[in-house]
Amino acid sequence: EGAHEGHGLGDRFLGHVERCRVLLHLIDATSEHAGKAYKIVRDELDAYGHGLEDKVEIIALSKADAVTPEILKEQKARLKRASKHEPMILSAASGQGVEAVLRALLAIIDDAKTSEAEMDEALQEFLIECQENLSRMDLELLELEKSTDPELVKSIFRVMHTIKGSAGFLGLSKLEKLTHAGENLLSKIRDGQFKANQQITTTLLQVVDAIRLILTS
């Protein structure tokens, strides 16, 4: 208890755990109350935050060989009620359940690696598409200084909206906020609240330059 406040190994240990893809939560079957033991650690994770509370968790009742079948059954029920998950049963001494737990861990890690690879691929596609869209937006904004064509404004708005949506999906919050601001300005032009002039197009071109700067960083 008190780990999130620095007690014992405390937040140094929790900081290390931040880098883990999955948490294996082992509860000692010989403890007084498996459910309460689980809740103590769970509360520390929630109090610390930093994403630990959202990590995938495998829950297992360990030292199964050290208690009677009756106590094991009771402890498993307590842990299930506290965690709202079916706990795995294992014993390092006898080997019971160890392979099953390792397989469960590997399955989650492999899924996470696949998701990361897919996200990297999506990011690369986004960067290529974004550069093409920004070049198009440069030309259309320069044209906007000379034309009041509403279709031109709509086209620029769609490009900005597309970049914002992709940024949100990829978790690029800074880029999402910037494009949202550009989108708001364009919507006011589209709705007739603002008139496109040199000052406004210059501002939008600065937004485009800022987007490029974020992408290169």
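Heads up: the structure comes first, above all this text.
In short, a report on the structure. Quantities reported herein were computed from a predicted structural model and do not represent experimental measurements.

Calculation rules
- Residues numbered from 1 in each chain as written.
- Predicted model: local features only at pLDDT ≥ 70, side-chain atom pairs only at ≥ 80, totals over all residues.
- Heavy atoms only, no water.
- Helix = DSSP H or I, 4+ residues; strand = E, 2+ residues; numbered from the N terminus.
- Buried < 20%, exposed > 50% of the residue type's maximum accessible area, 1.4 Å probe, protein only.
- Contact = heavy atoms within 4.5 Å.
- Areas by Shrake-Rupley, 256 points an atom, 1.4 Å probe, with all protein chains shown as cover.
- Phe/Tyr/Trp six-rings, centres within 6.5 Å; stacked < 30°, edge-to-face > 60°.
- Lys NZ or Arg CZ within 6 Å of the ring centre and 35° of its normal.
- Salt bridge = Lys/Arg side-chain N within 4 Å of Asp/Glu carboxyl O.

## Considerations on the overall build of the protein
No. 1: In terms of regular secondary structure, the protein is built from 7 helices and 3 strands.
No. 2: Its helices and strands in sequence order give the protein the pattern α-β-α-β-α-β-α-α-α-α, from N to C terminus.
No. 3: Here the protein holds 217 residues, and the buried ones make up 34% of them.
No. 4: A separation threshold of at least 6 residues defines the contact pool for the protein, and within that pool the share at least 24 residues apart is 66%.
No. 5: For the protein, the computed accessible surface area is about 13200 Å², with 54% contributed by carbon and sulfur atoms.

## Concerning the environment of lysine 76
No. 1: Along the chain, lysine 76 falls in helix α3 (residues 69-83).
No. 2: Between the alpha carbons of lysine 76 and methionine 88 there is a distance of 8.6 Å; along the sequence they are 12 residues apart.
No. 3: In contact with lysine 76, other than residues within four places in its own chain, are Leu61, Glu86, Pro87 and Ile89.

## Some points on the packing of aromatic side chains
No. 1: Counted under the stated rule, the structure contains 0 aromatic pairs.
No. 2: Above the face of the phenylalanine 157 ring, arginine 190 is positioned so that its terminal group lies 4.3 Å from the ring centre.

## Some words on the pattern of salt bridges
No. 1: Applying the stated criterion to the full structure yields 13 salt bridges.
No. 2: Among the ionic pairs, aspartate 28 bridges to lysine 63, the shortest N-O distance being 3.3 Å. Note that aspartate 28 is positioned in strand β1 (residues 22-28) and lysine 63 in the loop between β2 (56-62) and α3, a separation of 35 residues in sequence.
No. 3: Connected through salt bridges with shared partners, the residues Arg42, Asp46 and Glu57 form a single ionic network.

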